[in-house]
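Structure at a glance
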Amino acid sequence: MKIEKNVLIMSLFPNEITQLFDQTFNTFKSYEQENPEKFIESVSDNIDAIAVMGGTKVSSELIKKIPNLKIIANYGVGYDAVDVDQATLSNVKVTNTPDVLNDEVADTAVALTLCVYKNISSANNFLLEKKWLKSEFPLSKKFSGTKFGILGMGRIGKTIAKRIEAFNCEICYHSRNEKDVKYKFFSKLEELAEYVDTLCVITPGGEETKHLVNSNILQKLGKNGFLINIARGSVIDQQALIQALQNNIICGAGLDVFENEPNVPDNLMKLDNVILTPHIGSATVETRYDMGKLVYDNVVKMLTTNSTISPVN
Ligand code: 8YV
């Protein structure tokens, strides 16, 4: 099926998805260009749709520059890098990729949690460096049976909770409103942090949640507490976190996202009580295909029927 519409692809998608776009539409790939901005300017009059990876900025200036734009299809559930207010003003639909990544991100949250409790990364290095020949690896901390706090009880939060139940943990959460779930609700994040052993952050990014986890919350989490972040770097005051980790104000952290990624501060990388991963929460072949397919399906639906599958505005 060929649809005579023009799609601006701003980031690298899985090959099968790029092929689908190429077969269906006229595509313009700004991420392949030496000067993406200049390239977008040269084609902007013709563009009907944007397909873009979450995290790549779609500013109000960019939206205003594309007069026929109908949809910005965001590849990711988080759409904090898209200026949704401007899109709405310009009558442009924004879509995201909810649900298809719940399992994957929840799996990553569990993996980070177990890795940081059991010190898996250091244990791996210890063996590779042949230190086992001389001594035993230091004992780590037991995770099963601890108190597990979730900041954000949305679709992914619930999927994480389901998995954590298997570890016989007491599960608690904080979110703006109490949810219809069986877990203990804390209306104040501070009180949740004080109560739990692990605080797992899975709340949307953006101005509303900026630095929600600050030095005060880290103090409350305390010297036996662990912080896991698979949401957005912006939710945590990264400087305060580094200080808390350096001074044993908290015990450790598992971080998949950072404030100015892909830049990660050296003093965070130097710590041995952290496990750091390069924003791989949803990054498997299977899940990225499903996310990419939803991006493609949203674009097709919008440009053929003027409706979408997963709108955010
Ligand atoms: C993606 C994510 O890695 O869905 C999200 O919000 O953070 C991740 O699944 C990111 O959006 C890039 O596609």
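The structure reproduced in this document is the subject of the present report. (Residues numbered from 1 in each chain as written. Predicted model: local features only at pLDDT ≥ 70, side-chain atom pairs only at ≥ 80, totals over all residues. Heavy atoms only, no water.)

Another point: the overall build of the protein chain. Assigned secondary structure in the protein chain consists of twelve helices and twelve strands. Taking 20 Å as the expected radius of gyration for a compact globule of 313 residues, we find that the protein chain reaches 21 Å, a close match to that expectation. Here the protein chain holds 313 residues, and 48% of them are scored as buried. When contacts within the protein chain are restricted to residue pairs at least 6 apart in sequence, those whose partners lie at least 24 apart make up 58%. Of the charged side chains in the protein chain, 33 are positive and 38 negative, and the gap between their average positions amounts to 4 Å. (Helix = DSSP H or I, 4+ residues; strand = E, 2+ residues; numbered from the N terminus. Rg over C-alpha atoms; globule rule 2.2 N^0.38 Å. Buried < 20%, exposed > 50% of the residue type's maximum accessible area, 1.4 Å probe, protein only. Contact = heavy atoms within 4.5 Å. Lys, Arg positive; Asp, Glu negative; His and termini not counted. Charge placed at Lys NZ, Arg CZ, Asp CG, Glu CD.)

The next thing to look at is the sheet that holds strand β8 (residues 184-185). Pairing within the open sheet is parallel, and its seven strands lie in the order β8-β7-β6-β9-β10-β11-β12. Looking along the sheet, the strands with just one partner apiece sit at the ends: β8 and β12 (274-276). Relative to strand β7 (residues 170-174), strand β6 (residues 147-151) runs parallel, the two being bridged by five bridges. Its bridge partner lying in β7, Ile150 is registered against Tyr173. On the sheet, helix α7 (residues 155-165) packs against β6, β7 and β9 (198-201) and is oriented at approximately 170° with respect to β6. (Pairing = 2+ DSSP bridges. Axes fitted to C-alpha atoms, helices over the stretch in contact; angles between N-to-C directions.)

Within the structure, the ligand sits among Met53, Gly54, Tyr75, Gly76, Val77, Gly78, Leu101, Arg232, His279, Ser282, Arg288 and Met291. Backbone polar atom of Tyr75 to an oxygen atom of the ligand: 2.7 Å apart, as the coordinates give it. Burial of the ligand by the protein amounts to 93% of the accessible area it has alone, namely 320 Å². Looking at the shell around the ligand residue by residue, the class counts come to five nonpolar, five polar and two charged. (Near = heavy atom within 4 Å. Polar contact = N/O pair within 3.5 Å; in protein donor to acceptor, adjacent residues only side chain to side chain. Areas by Shrake-Rupley, 256 points an atom, 1.4 Å probe, with all protein chains shown as cover. Nonpolar A, V, L, I, M, F, W, Y, C, P; charged D, E, K, R; others polar.)

Taken across its five residues, β7 has four buried, putting it largely inside the fold. Each parallel crossover has a hand, and the one from β6 via α7 to β7 is right-handed. Inspection of the sheet shows β7 paired to β8 by two bridges, in the parallel sense. Bridged to Tyr173 within β8 is Phe185. (Right-handed = clockwise from strand over helix to strand, strands pointing away.)

Moving on: the packing of helix α5 (residues 102-118) against α7. Packing of α5 against α7 leaves a shortest axis separation of 9 Å and a crossing angle of 50°. Between α5 and α7, the interaxial angle falls into the category oblique. The interaxial crossing formed by α5 with α7 has right-handed handedness. Here Asn102, Asp103, Val105, Ala106, Asp107, Ala109 and Val110 of α5 come into contact with α7, specifically with Arg155, Ile156, Thr159, Ile160, Arg163 and Ile164. In terms of residue class, the contact of α5 with α7 is built from seven nonpolar, two polar and four charged. (Parallel < 35°, antiparallel > 145°, perpendicular 65-115°, else oblique. Left-handed = near helix turned anticlockwise from the far one by under 90°.)

On to the side chain of Thr146, then. Checked against the element boundaries, Thr146 lands in the loop between α6 (120-128) and β6. Within polar-contact distance, the side chain of Thr146 engages the backbone oxygen of Phe143 at 2.6 Å.

This part covers the pattern of salt bridges. The final tally for this structure, using the stated rule, is eleven salt bridges. Among the ionic pairs, Arg155 bridges to Asp99, the shortest N-O distance being 3.8 Å. Taken together, the positions of Arg155 in helix α7 and Asp99 in the loop between β5 (93-95) and α5 put the pair 56 residues apart, joining distant regions of the chain. Given the relative accessible area of 47%, Arg155 is considered partly exposed. Asp99 sits in the partly exposed class, given a relative accessible area of 43%. Through salt bridges that share partners, Asp103, Asp107 and Arg163 make up one connected network. (Salt bridge = Lys/Arg side-chain N within 4 Å of Asp/Glu carboxyl O.)

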